[in-house]
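Structural description and commentary
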Amino acid sequence: MEEQIQELKVRRGAIVIAHNYQVDEVQAIADFTGDSLELSRKAAQLREEVVVFCGVHFMAETAAILSPDKTILIPDPNAGCPMADMVTADKLRALKAQHPGAKVVCYVNSSAEVKAESDICCTSSNAVKVCESLGDVEIIFVPDRNLGAFVAEKLGREFILYNGFCPTHERIRDIDVLAMKAQYPGALVLAHPECNKPVRDLADELLSTGQMCHFATASENREFIIATELGINYRLRTENPGKRFYPVNPDRAVCPNMKKITVEKILWSLQDMKQRVTVPANIAARAVGCIERMLEIS
Ligand code: 13P
Ligand code: SF4
């Protein structure tokens, strides 16, 4: 399958890009792997005409908004994000009506329609910077209550938080982190800000998946407890062969949607040029500014 994928990539002028939570074999054949911000940046500067986007739907949609002339394919269109589905444009409009002076910051884990209703987008690696850039205004943060609370705490502010969350990160518990710390007392705890507060309070560092990779490589420490989705451990181990990584809850901290993408589906995608992800022009026109403003300040 790998050989066929390589051959089809050349024939179609395609690139395969993957999120850090993809299964190991998908990351291994991808041309580029990254976190949400790195993938958005890549999507804004594509040279290839065809992109096979190995991630969840909102990621491919963001790429389609930033590069409307390219063909963006997702190997499984059912790979969604339950957190992104927790907020709709209607619900956001109702919240905005209650807080007319507030600015809306939306996590990139959101639909194009929600982005179209927002002032600026953010990812987990730039959320603090993005919110800070808005100055001393009231902020509505959607949909992740955990990332929103993390930023508000960091800035010593209070935000209007939407009650969304990531079901995968919610399955990582503080008692599991405590058990790992007892087992590996020399290890640093790296947690994703999508984790709930008791877990965040146990972390030495709160980082996006891309930041975790850079941090682990630069750190003099040799052992790390990793509190985020299991897939990140592939990159951590491949890029840092001399270091040890201990995932918290490796059987529960798995995003079933990220795992829907397989090597076989990538092959089918390139063979059939499916499934194409597009965003209606009127929505894309209103959503693009929200993403570009984020890219400008990151
Ligand atoms: P990052 O890769 O930006 O840390 O995002 C995590 C995530 O949950 C993506 O769905
Ligand atoms: Fe959505 Fe969580 Fe899966 Fe990321 S890990 S795609 S936030 S459900």
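For clarity, every value in this text was computed on a predicted model and none was experimentally measured.

Thresholds applied
- Residues numbered from 1 in each chain as written.
- Chains lettered and ligands numbered in written order.
- Predicted model: local features only at pLDDT ≥ 70, side-chain atom pairs only at ≥ 80, totals over all residues.
- Heavy atoms only, no water.
- Phe/Tyr/Trp six-rings, centres within 6.5 Å; stacked < 30°, edge-to-face > 60°.
- Helix = DSSP H or I, 4+ residues; strand = E, 2+ residues; numbered from the N terminus.
- Buried < 20%, exposed > 50% of the residue type's maximum accessible area, 1.4 Å probe, protein only.
- Lys NZ or Arg CZ within 6 Å of the ring centre and 35° of its normal.
- Arc of directions from axis to C-beta.
- Contact = heavy atoms within 4.5 Å.

Topic: the packing of aromatic side chains
- The final tally for this structure, using the stated rule, is three aromatic pairs.
- Each ring, one from Phe141 and one from Phe159, has its centre 6.4 Å from the other, and the planes form 10°; the classification is stacked. Here Phe159 lies in the loop between helix H9 (145–155) and strand S8 (160–161) and Phe141 lies in strand S7 (residues 139–142), a separation of 18 residues in the sequence.
- Phe141 sits in the buried class, given a relative accessible area of 0%.
- Ring plane angle 15° and centroid distance 5.4 Å describe the contact between Phe224 and Phe245, whose orientation is recorded as stacked. With Phe224 in strand S11 (residues 223–227) and Phe245 in strand S12 (residues 244–247), this residue pair connects regions lying 21 residues apart in the sequence.
- Residue class for Phe224 comes out buried when judged on its relative accessible area of 0%.
- Between Lys42 and the ring centre of Phe32, over which it is positioned, the NZ or CZ distance is 4.9 Å.

Structural notes on helix H15 (residues 263–272)
- Those residues of H15 not exposed but buried are Val263, Ile266, Leu267, Ser269 and Leu270. End-on view of H15: buried residues confined to an arc of 160°, all on one side of the axis.
- Packed against the buried residues of H15 are helix H1 (2–12), strand S1 (14–19), helix H2 (24–29), strand S3 (50–54) and strand S4 (71–73).
- Backbone geometry just after H15 places Met273 at a positive phi near 55°.

By themselves, these are just geometric observations and shouldn't be taken as functional.
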